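Observations on the model geometry
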There are 2 protein chains.
Amino acid sequence: MKALSQVGKYGLRALLYLVAYPPDSQYLSIRQISDDLGLSFHFVTKIFRELTEKGLLISYRGPSGGIALAKPAEEIMLLEVIKALEGDDYFDKCLIGLPHCGSAKPCPVHEFWKEVKTKLQHNFSETSLALLGEKIRTQEVRLDD
Amino acid sequence: MKALSQVGKYGLRALLYLVAYPPDSQYLSIRQISDDLGLSFHFVTKIFRELTEKGLLISYRGPSGGIALAKPAEEIMLLEVIKALEGDDYFDKCLIGLPHCGSAKPCPVHEFWKEVKTKLQHNFSETSLALLGEKIRTQEVRLDD
DNA sequence: CATATTTAAGACTATTTATTCCTAATTAAG
DNA sequence: CTTAATTAGGAATAAATAGTCTTAAATATG
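Residues numbered from 1 in each chain as written. Chains lettered and ligands numbered in written order. Predicted model: local features only at pLDDT ≥ 70, side-chain atom pairs only at ≥ 80, totals over all residues. Heavy atoms only, no water.

Here we take up the relation of the copies chain A and chain B. Of the transformation placing chain A onto chain B, the axial shift is 0.0 Å and the rotation is 180°, giving an RMSD of 0.0 Å. Each copy turns onto its partner about a two-fold axis. Minimal C-alpha separation from the rotation axis in chain A is found for Ala3 of chain A, amounting to 2.7 Å. The share of interface residues of chain A whose copies in chain B are also at the interface is 100%, consistent with both copies meeting through the same surface. (Least-squares fit on C-alpha atoms with pLDDT ≥ 70 in both. Contact = heavy atoms within 4.5 Å.)

Another point: helix α2 (residues 30–37) of chain A. Residue and element names in this part refer to chain A. Every buried residue of α2 is listed here: Ile30, Ile33, Ser34 and Leu37. End-on view of α2: buried residues confined to an arc of 90°, all on one side of the axis. Pointing more than 90 degrees away from the buried face of α2 are the exposed residues Asp35 and Asp36. Gly38, located one to two residues past α2, shows a positive phi value of around 70°. (Buried < 20%, exposed > 50% of the residue type's maximum accessible area, 1.4 Å probe, protein only. Helix = DSSP H or I, 4+ residues; strand = E, 2+ residues; numbered from the N terminus. Arc of directions from axis to C-beta.)

Residue and element names in this part refer to chain A. At a minimum axis separation of 10 Å, helix α1 (residues 6–20) and α2 run at an interaxial angle of 110°. On the basis of the axis angle, α1 is roughly perpendicular to α2. Taken as a pair, α1 and α2 cross one another with a handedness that is right-handed. Seen from α1, the contacting residues are Arg13, Ala14 and Tyr17; seen from α2, they are Gln32, Ile33, Asp36 and Leu37. The residue makeup of the contact of α1 with α2, split by class, is four nonpolar, one polar and two charged. (Axes fitted to C-alpha atoms, helices over the stretch in contact; angles between N-to-C directions. Parallel < 35°, antiparallel > 145°, perpendicular 65-115°, else oblique. Left-handed = near helix turned anticlockwise from the far one by under 90°. Nonpolar A, V, L, I, M, F, W, Y, C, P; charged D, E, K, R; others polar.)

Take the packing of aromatic side chains next. Aromatic rings in a pair are described by how distant their centres are and how their planes are angled relative to each other. Within the structure shown, the criterion is met by 12 aromatic pairs over all chains. Considering the side-chain rings of Phe124 of chain A and Phe112 of chain B, the 5.7 Å spacing of their centres and the 70° angle between planes classify their relative orientation as edge-to-face. Placement of the pair is Phe124 of chain A in helix α5 (residues 110–126) and Phe112 of chain B in helix α5 (residues 110–126), with the two residues belonging to separate chains. Side by side, Phe124 of chain A and Phe112 of chain B carry an identical accessibility label, which is buried. The structure contains a cluster of three or more aromatic residues connected by ring pairs, namely Tyr90, Phe91 and Phe124 of chain A together with Phe112 of chain B. The lysine or arginine in question, Arg31 of chain A, covers the ring of Phe41 of chain A, its NZ or CZ lying 4.0 Å from the ring centre. (Phe/Tyr/Trp six-rings, centres within 6.5 Å; stacked < 30°, edge-to-face > 60°. Lys NZ or Arg CZ within 6 Å of the ring centre and 35° of its normal.)

Below, the discussion takes up the interface of chain A and chain B. A common way to express how large an interface is: the accessible area buried when the components associate. Contacts between the two partners involve 42 residues from chain A and, on the opposite side, 42 residues from chain B. Of the roughly 3800 Å² buried at the junction of chain A and chain B (both faces included), carbon and sulfur atoms supply 70%. The interface formed by chain A and chain B contains two salt bridges. Inspection of the region where chain A meets chain B yields 11 residue pairs in polar contact (both at pLDDT 80 or more). Every element with two or more residues in the side of chain A that touches chain B is listed here: α1, α5 and α6 (129–137) of chain A. The element contributing the most residues to the side of chain A that touches chain B is α5 of chain A, with nine residues. By residue class, the composition of the side of chain A that touches chain B is 26 nonpolar, three polar and 13 charged. (Buried area = accessible area lost by both parts, 1.4 Å probe. Salt bridge = Lys/Arg side-chain N within 4 Å of Asp/Glu carboxyl O. Polar contact = N/O pair within 3.5 Å; in protein donor to acceptor, adjacent residues only side chain to side chain.)

To continue, consider the protein's contact with DNA strand D. Around DNA strand D sit 26 residues in total, of which Phe43 and Tyr60 of chain A together with Ile30, Arg49 and Ser59 of chain B are the nearest. Each atom of DNA strand D within 4 Å of the protein was classed as base or backbone; sugar and phosphate made up 60%. For DNA strand D, a phosphate oxygen lies 2.9 Å from a polar atom in the side chain of Ser40 of chain A. Side-chain polar atom of Lys46 of chain B to a base nitrogen of DNA strand D: 3.3 Å apart, as the coordinates give it. Mapped onto the surface near DNA strand D, the elements with two or more residues apiece are α1 and α3 (41–53) of chain A together with α3 (41–53) and β1 (57–60) of chain B. The element that contributes the greatest number of residues to the surface near DNA strand D is α3 of chain B, accounting for four residues. Residue composition of the surface near DNA strand D, by class: eight nonpolar, 11 polar and seven charged. (Near = heavy atom within 4 Å.)

Remember, this is a structural readout, not a statement about activity or role.
Structural data, given as structure tokens:
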């Protein structure tokens, strides 16, 4: 199941890197993130530009510049990140693509699919980047592979 | 969340039409399905060709030809259909795309994502096309929109 | 001020997915 | 046997997504 686009996958991985390995200085360079994770520098830059526009990141140009979280990792929930990367309507889509599917005009799998999406949203809205960063730092989980 | 490709969405909708509105004769023509659902005839034909190759459908050419289920709708579970349409590895993918993600090398969301996929697989493996077809016929749910 | 480092912006290219189209093969029916 | 109605096969086209590249702008530092 391809639930995230490449933008979503790379963006999330890169953000988690930033959270898991925060720099001593104020900003972490995109180059370090992309090199360390083996992702395309240009592609990550493009993704981060969007996250900066949306207010999730702040960026700073010039030597020792880079990007940083716009607010504490404790306050950034996965839900916000995924919506920023995939679009605000991410959890509103009908599984089989019926544009007016809803409780009034449910498609054959509407109820079940709604349950699944609710579970996802609920979990994502309670999972902070800080928590995941900590799990990465303690090597309970991994970001590379 | 775009969980299914267009092939998956259209294929599932077309199959459900066949189950919900079985023809008096042995075969239902693709033209009728695509016209009724407002889908591209050629695209549905291509999708059905694949399902025929995979043994889910049988087809018959010539006048009063068309397609039919290869086995009773009671015996075809959603899981089988989705795997046929989207690939057998549909439920094996890491959310953030790490190729070796698994219990040995879990990504930061591995456990939760596994739960979600298990729930999906479980439900899909217990939902038959016959059940959904019946719900459509009784207008409890809808296929068009 | 000159240079090096970094992100910003957006054009460009490549790849994948989606969709259409044309021709062939099959078969029923007159 | 001819015609019409179908699906089969696969080429061709279009659109969306993914990824690369080049140039500009900002800024620190010597």
